[in-house]
Structure formats: C-alpha cells, structure tokens
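Structural features, examined
Below, each chain spelled out in residue letters.
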Amino acid sequence: MSEIAVLLGFAALVWFWFDSLKAREHALVAGPRACKRSGLQFLDQTVECVSLRIARNDDGRVVLRRVYRFEFTDNGVSRRIGTIVMMGGELVSLTMEPYLQQ
C-alpha cells in the first residue's frame, strides 16, 4: 500500500511540474506580445511566479491560479512591473504599471 502512495505522490509531482511549465510558457508568450503591441521593451526575457494557489475557474472547476511578474521599460532606463494571472493554462488578466506614451 505504501508503494502505491509513493507512486501517486510522484505522479502528482510530475503533473504539477509539467502543468507549471505549460502555464509559464503561456505567460512567456503573453508578456512580450503585450509589450510589443504597446511599443514597449520586455526585459530579461523571463517571468517570475510570485503567487500560487487553488481557485475555481468560470466553469466552477478547481484549478491552480498562478500570478507571474515581469519587467518592461518604456524609455530604456526605467524598469516597470507587469503581472500575468493564469488559471490553469488560461490567461485571465495582464496588467502593466502606468508608463509614459511616446
């Protein structure tokens, strides 16, 4: 019985790892796309997961809600913060700090 519990635990970890990679990849597409659309520069070519919790999506299903943080610049000097909220593998919101339009 303990072998089954260990295998189930291992399977859950593998699922979590792959699910996290998929959500991060989606965030890595959404951040640069939003910056490009607004004429901004996406910095460091990365996102950072700053929050992870269990939530319900619009269909009422239990999913993992991840909040990713990224940095961008409007003038090449100042660093500004953006956030991406993913529910499961789906983009829920993308917000960016206010910046000056050129």
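Just above sits the structure.
Residues numbered from 1 in each chain as written. Predicted model: local features only at pLDDT ≥ 70, side-chain atom pairs only at ≥ 80, totals over all residues. Heavy atoms only, no water.

1. Observations concerning the nonpolar core
- Listed in full, the 12 residues of the largest apolar core are A23, A27, A30, C35, L40, F42, V47, Y68, F70, F72, I84 and M86.
- Put simply, the parts of the chain that give this core at least two residues each are α1 (2-38), β1 (41-56), β2 (62-73) and β3 (80-87).
- The element that contributes the greatest number of residues to this core is α1, accounting for four residues.
- What V47 contacts, discounting residues up to four positions off in sequence, is R24, A27, L28, F42, Y68, R69, F70 and I84. (Core = buried A, V, L, I, M, F, W, Y, C linked by side-chain atoms within 4.5 Å. Buried < 20%, exposed > 50% of the residue type's maximum accessible area, 1.4 Å probe, protein only. Helix = DSSP H or I, 4+ residues; strand = E, 2+ residues; numbered from the N terminus. Contact = heavy atoms within 4.5 Å.)

2. Re the packing of aromatic side chains
- Under the definition given, this model contains three aromatic pairs.
- Considering the side-chain rings of F42 and F70, the 5.5 Å spacing of their centres and the 35° angle between planes classify their relative orientation as tilted. Placement of F42 in strand β1 and of F70 in strand β2 is noted, with a sequence separation of 28 residues between them. Both residues of the pair, F42 and F70, belong to the buried class.
- Relative to F72, the ring of F70 lies with its centre 6.2 Å away and its plane at 45°, an arrangement referred to as tilted. Neither F70 nor F72 differs from the other in exposure class; each is buried.
- Linked through ring pairs, F42, F70 and F72 together constitute an aromatic cluster. (Phe/Tyr/Trp six-rings, centres within 6.5 Å; stacked < 30°, edge-to-face > 60°.)

3. Observations regarding unusual backbone geometry
- Despite not being glycine, D44 shows a phi value in the positive range, around 65°.
- One can find D44 in strand β1.
- In the Ramachandran plot, Q45 falls in the positive-phi region, its phi being about 50° despite a non-glycine side chain.
- Within the secondary structure, Q45 is located in strand β1.
- Q45 gets classed as exposed once you look at its relative accessible area, which sits at 57%.

4. Some points on the pattern of salt bridges
- Applying the stated criterion across every chain, the model contains seven salt bridges.
- Between D19 and R66 there is a salt bridge, with the nearest N and O atoms lying 3.2 Å from each other. Placement of the pair is D19 in helix α1 and R66 in strand β2, with a sequence separation of 47 residues.
- Classification of R66 as buried rests on a relative accessible area of 1%.
- Here R69 ties to E48 by a salt bridge, and the two come within 3.2 Å at their closest N and O atoms. Pair noted here: R69 is in strand β2 and E48 is in strand β1, with a separation of 21 residues, a long-range link.
- Classification of E48 by relative accessible area gives partly exposed; the value is 40%.
- Salt bridges linked by common partners bring D44, E48, R69, E71 and R79 together as one network. (Salt bridge = Lys/Arg side-chain N within 4 Å of Asp/Glu carboxyl O.)

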